[in-house]
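A structural walkthrough
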Amino acid sequence: MMQDMETRTLEMLAVAMSEEYSVTVVCNGQSAETTFSGRNGRAVITIPSVPICDKYYRALLRGYVDHEVGHVRFTNRALSTDGPLRWPHMAGSLQNIWQILEDVYIERSMGECFPGCRRNLRTLSTLLYVEHDSAALPPPLEPVDADDILARVQNRIIPLRDLPYSIWAAMTQYVLFRVRSEAMPKLKARLPLFREALDKLASGLADELEPVLARVPAEGVSTEANLLLAKEIIETAYAFFEQKAKEGRDVNNEILSTLKWIIRNGGRAKESVDLARAAELMVFEAVNNVDQSVVISSVTIRNPVGSDVWKTRIEMLSDEEQKEALQSSAKMEAQMQALLQSFELNRSGPTRSGRLNTNALHKLYTCRNDIFFRHVDKRGVNTEVVLCIDMSGSMHFDDKALLASKALYSLAHSLYKIRGLAFSIVGFFDNQVVDILRSGSRVTPRMRIVPSGGTLCGSALKFAMQTFSAKDDTRKIVIMLTDGDANDSEQFEKAIERARKGGVEFLGVGIQDEHILGYLPHDECCIIVELKELAAEILRMLRKKLGIEE
C-alpha cells in the first residue's frame, strides 16, 4: 500500500514538473523509458521495479522519475521516434548514440529548471555507472575486456568477424562516459578505464572522436542538435576504420562490412531490437505490414506465374539492370557446374577385371578377355535447389529489393547452365508465395520483386517442401534469403525441424540482418552487407556444405 501511495505521489510530481496533465508512472517495468500513447500523446513513464526494502529505493525512484520527466518536458517526441529514420543506413547506431547525448541534455535542463533534481540525477548516475552495494541492482557498468577478446581472436576461439561488435561496444561505452564525465567527477575518474579498452581494440579512434565529443556540452542543446552530433560521431568512427582498411592496417573488408551492418542495426540481432527499438525495419513491418490474422493462419496461398498477384509483385528488370547482373554471373557459371556435381556409380562398360558380365561371354571365342563390368565414377547432377526470397515491406529500404533481384537474376543464370539441375525460385510475403521461376523453365528478366507485407518464413518453407520431387537419391537444398526476423518464428522453427527429418538441407542468407542466425547454425548462414556479394557468398556456402574445395 505504501508503494502505491508513493506511485501516486510520483505521478503528481511528474505532472507538476513536466507541465503536462495525465502523466502515468508505472513502477514495475524492466527498464526505464518514456512512451507516448493515445490520440493526445499521453505520457507513460515506466521505471524499473525496486524492492521497497532496498536502501536505495527512494533515491532510485526520484532519479528515474526526474530523468524520464526530462524526456517528457524537453525531448522532441516526433524526432525521438522518426529522427533516426532520416538516415536508414545508420538508424540503429544513431538511436543508441543519440540516446546517450539526449540523456545528458535533458538531465542538464532538468537541473537548470529544478536545482534539487541535480542531486537526484547524480545519485542515479553514481549507482548505475560507478558503485553501489545493493543486491537489487545490476553491477555498475564495466569496460569491455579488450585483452580477453584479443586473446580469443588470436587463439581462434572466436572468429575475426566478431571483433567489430566488441569494438563498437567499447566505443559506445567510451562515448557514454566521456560526455557524462563533464558534469560528474566520479565518472571522470573511471573514464581512463574505458579509454584504455577502446585504445586496445581501436588505437587512435578516441583521438578522432574527441573534437566532436568536446562540442557536445555547448552544442547539444536540443533533440535536433543531438541527432546531428550523433550522426557526426558515427560518420567519424566509420571514416576512421575505412581509412585503416585502405591503408591495410588492422582492418580488412570483412571487418568493414560487419561494421556497416552494426552501424545500420545498432548491434547483434537479438540486442538491436531492444537497443534500437525505433529502427525502421522492425517498426515498418510490425506496425504497417503484418496482419496478425495471416500470422496465425495455417493456409499458404500460392500465386503461380501469370496470376494477378504475380503480375503486380514481379516486374521486369531493365536492360541496364540485366547487364549488370549478368556481368557478375559470368565467373560463377564454370564454378557452379563443378560445385553441384555428385558421384553416381555406373557399372556399364567392359573391362578385364571386376564383376563377370554374363552377356559378354561370347567374346571368349574371339580371344577377348574384356568380359567384366567396369566401375566408373561418373559425375552427374542430382541436386534440387529452391531459392526463397523475402518480399516483405522492409525490403524497399536502401534499394534492397532491386539489388537482391539483380543478384537473384545473376544466380539463376548460373544455375540454369547446369544441365539436369532442378531448381526453382519463389518469393514470399505474409502467408502468400509467388512463383518467380518454376523448375525447368527458362530464366527471364521478370525477377524484380515489389516489396510489401510481412515476413512469414515458416509459410514459405512449407510451400518450398512441396516443390521437391519424391526421389530419395536427390540432394534437396533450401536457400532462404531474408532481411529480418520471421513474424511466424514458432512455425518457422517447426517447419525447419520437419524438413531436416525429411533430409532437406538449408542455407540462410541474412540481407543486412542477423536474425537468420537464430534459426540455422552459423556454418549454414552468411550475413550480406553489400548485396553484390550475394551470389559469391551462396557459392562459398554450397562449396563448404558439399565438401568441395576450389
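Structural data are supplied above this passage.
Reading the values: rules and limits
Residue positions within a chain follow its written sequence, with the count starting from 1. Two thresholds apply to this predicted model, a pLDDT of at least 70 for residue-level local features and 80 or more for giving and counting side-chain atom pairs, whereas whole-chain, interface and lining totals are computed over all residues. With hydrogens and water stripped out, all remaining heavy atoms of the structure feed into the side-chain values. Salt bridges are counted wherever a side-chain nitrogen of Lys or Arg sits within 4 Å of a carboxyl oxygen of Asp or Glu. Helical segments are the DSSP runs of H or I of at least four residues, strand segments are the runs of E of at least two, and each set is numbered from the N terminus. Only protein chains enter the accessibility calculation, which uses a 1.4 Å probe; a residue is then buried when its area is under 20% of its type maximum, exposed when over 50%, and partly exposed in between. Strands qualify as paired when DSSP identifies two bridges or more between them. Consider the strands pointing away from the viewer: the crossover is right-handed when the path from the first strand over the helix to the second runs clockwise. Note on terminology: a nonpolar core comprises buried Ala, Val, Leu, Ile, Met, Phe, Trp, Tyr and Cys residues joined through side-chain atoms within 4.5 Å. Throughout, a contact is declared for two residues whenever any of their heavy atoms are within 4.5 Å.

**Considerations on the pattern of salt bridges**
Under the definition given, this model contains 19 salt bridges. A salt bridge links Arg448 to Glu321; its shortest N-O distance comes to 3.1 Å. Taken together, the residues Arg448 in strand β13 (residues 448–449) and Glu321 in helix α17 (residues 319–339) connect sequence positions 127 residues apart. Classification of Arg448 by relative accessible area gives partly exposed; the value is 27%. Between Arg500 and Glu524 there is a salt bridge, and its shortest N-O distance comes to 2.8 Å. Of the two residues, Arg500 is situated in helix α20 (residues 489–501) and Glu524 in the loop between β15 (505–511) and β16 (525–528); the sequence distance between them amounts to 24 residues. Take Arg500: its relative accessible area is 34%, and that puts it in the partly exposed class. Because the salt bridges share partners, they merge into one network encompassing Asp147, Glu196 and Lys200.

**Digging into the pairing of β15**
Side-chain positions along a regular strand alternate between the two faces of the sheet. β15 sits mainly inside the fold: seven of its seven residues count as buried. Strand direction decides the pairing type here: strand β14 (residues 475–482) and β15, joined by six bridges, are parallel. Directly across from Val478, in β15, lies its bridge partner Phe506. One crossover worth recording links β14 to the parallel β15 by way of α20, and it is right-handed. Of the pairings in the sheet, the one linking β15 to β16 comprises four bridges and is parallel in character. Bridging across to β16, Gly508 finds its partner in Cys525.

**Thoughts on unusual backbone geometry**
Of note in this structure, Arg156 is not a glycine but carries a positive phi near 65 degrees. Structurally, the position occupied by Arg156 is in the loop between α6 (146–154) and α7 (163–180). The class for Arg156 is exposed, based on a relative accessible area of 77%.

**Observations regarding the nonpolar core**
One finds Leu205 and Phe241 to be the most contacted residues of the largest nonpolar core, which totals 57 residues. Mapped onto this core, the elements with two or more residues apiece are α4 (91–113), α6, α7, α8 (185–201), α9 (205–213), α11 (223–247) and α12 (253–265). The element contributing the most residues to this core is α7, with eleven residues. Dropping the residues within four chain positions of it, Phe241 is found in contact with Ile167, Ala202, Leu205, Val251, Leu256 and Leu259. Core analysis: the second largest hydrophobic core is formed by 39 residues, Leu408, Met447, Cys526 and Ile538 among them.

So yeah, pure geometry; function would need other evidence.
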